[in-house]
Amino acid sequence: MELMTPAPVPSATTAPLKVAVILASNREGRFAPVIADWFLSRTADHPDIETDLVDIADLDLPYALSHRPGPDATAQLAQITPRLAAADAFVVVTPEYNHSFPAPLKNLIDWHRAEWQAKPVAFVSYGGVSGGLRAVEHLRQVFAELHAVSIRDTVSFHNAGALFDDDRRHRDPAAVDAAAKTLLDQLVWWGQALREAKAVRPYGD
């Protein structure tokens, strides 16, 4: 009888990265789902990534921060905090509102701290002429304060509404597809490197 060799079990260093993709807009009539669907289609077959879409519009965190949140806030945190804690890396899909990023995203960030630490954060932005890049620059400062590592290269959609057809397909995807590949390559590198480092020595020790 031929003995079957058991399939290898993924280790902390070989398992796919758990990437939380944070959809940062809750504005009525938002364009965000179009951008998120486009990005997720680029990650769907990536062997090194597993994604979890975190939609700000599904959350109802209070804007008054508290060290002792009440029952409603505790219930909301129970829905989102474990998902952020389980993530090895993050991709923030954000528009630009008045030269910065949406208030609900800042609220989500501020309700957490350890969940962001020593993890990479990449950015996919969209907007008008600026393509959301001013929002990204502000987010880099915020995440640096939280000991996260922001990925250098971004994907940005300038005048985003004109770039997609009625079926939500990008009209000329070559450049943004290339940008997405670069972003994902960098995210995987940093995500694996930081995960391996924390497996040897927890961050802050």
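Preceding this section is the structure that the text describes.
Keep in mind that what you see is a predicted model, and the values were worked out from it rather than measured.

Caption draft 1: Representation of the overall build of the protein chain in the model. Looking only at helices and strands, one finds five helices and six strands in the protein chain. Ordered by position from the N terminus, the helices and strands of the protein chain form the series β-α-β-α-β-α-β-α-β-β-α. Whereas a compact globule of 205 residues would reach a radius of gyration of roughly 17 Å, the protein chain reaches 18 Å, a difference of no more than 12%. On the principal axes, the C-alpha backbone points of the protein chain span a range of 65 × 50 × 30 Å. Scored against the burial criterion, the 205 residues of the protein chain give a buried share of 42%. Accessible surface, the protein chain as shown: approximately 11,200 Å² in total, 54% of it carbon and sulfur. Taking the average location of the 19 positive side-chain charges in the protein chain and that of its 26 negative ones, the two points are 5 Å from each other.

Caption draft 2: Summary view of the packing of helix α3 (residues 103–110) against helix α4 (residues 133–145). At a closest axis distance of 11 Å, the pairing of α3 and α4 adopts a crossing angle of 10°. As summarised for this structure, α3 and α4 are arranged roughly parallel, according to the angle between their axes. Of the residues in α4, those touching α3 at Leu105, Lys106 and Ile109 are Leu139, Val142 and Phe143. Across the contact of α3 with α4, the residue classes break down as five nonpolar, no polar and one charged.

Caption draft 3: Looking closely at helix α2 (residues 71–86). Given a rise of 1.5 Å per residue, 16 residues ought to cover 22 Å, and the 23 Å separating the end C-alpha atoms of α2 matches this to within 8%. Bending of α2 peaks at approximately 35° at the position of Ala78, with proline Pro82 no more than four residues after it. Buried residues along α2 sit against β1 (17–23), β2 (49–55), β3 (89–95) and α3.

Rules of the game
Residues numbered from 1 in each chain as written. Predicted model: local features only at pLDDT ≥ 70, side-chain atom pairs only at ≥ 80, totals over all residues. Heavy atoms only, no water. Helix = DSSP H or I, 4+ residues; strand = E, 2+ residues; numbered from the N terminus. Rg over C-alpha atoms; globule rule 2.2 N^0.38 Å. Buried < 20%, exposed > 50% of the residue type's maximum accessible area, 1.4 Å probe, protein only. Areas by Shrake-Rupley, 256 points an atom, 1.4 Å probe, with all protein chains shown as cover. Lys, Arg positive; Asp, Glu negative; His and termini not counted. Charge placed at Lys NZ, Arg CZ, Asp CG, Glu CD. Axes fitted to C-alpha atoms, helices over the stretch in contact; angles between N-to-C directions. Parallel < 35°, antiparallel > 145°, perpendicular 65-115°, else oblique. Contact = heavy atoms within 4.5 Å. Nonpolar A, V, L, I, M, F, W, Y, C, P; charged D, E, K, R; others polar. Expected span 1.5 Å × (residues − 1). Bend = angle between axes of the 7 residues up to and from the residue.

As far as function goes, none of this settles anything; it's purely spatial.
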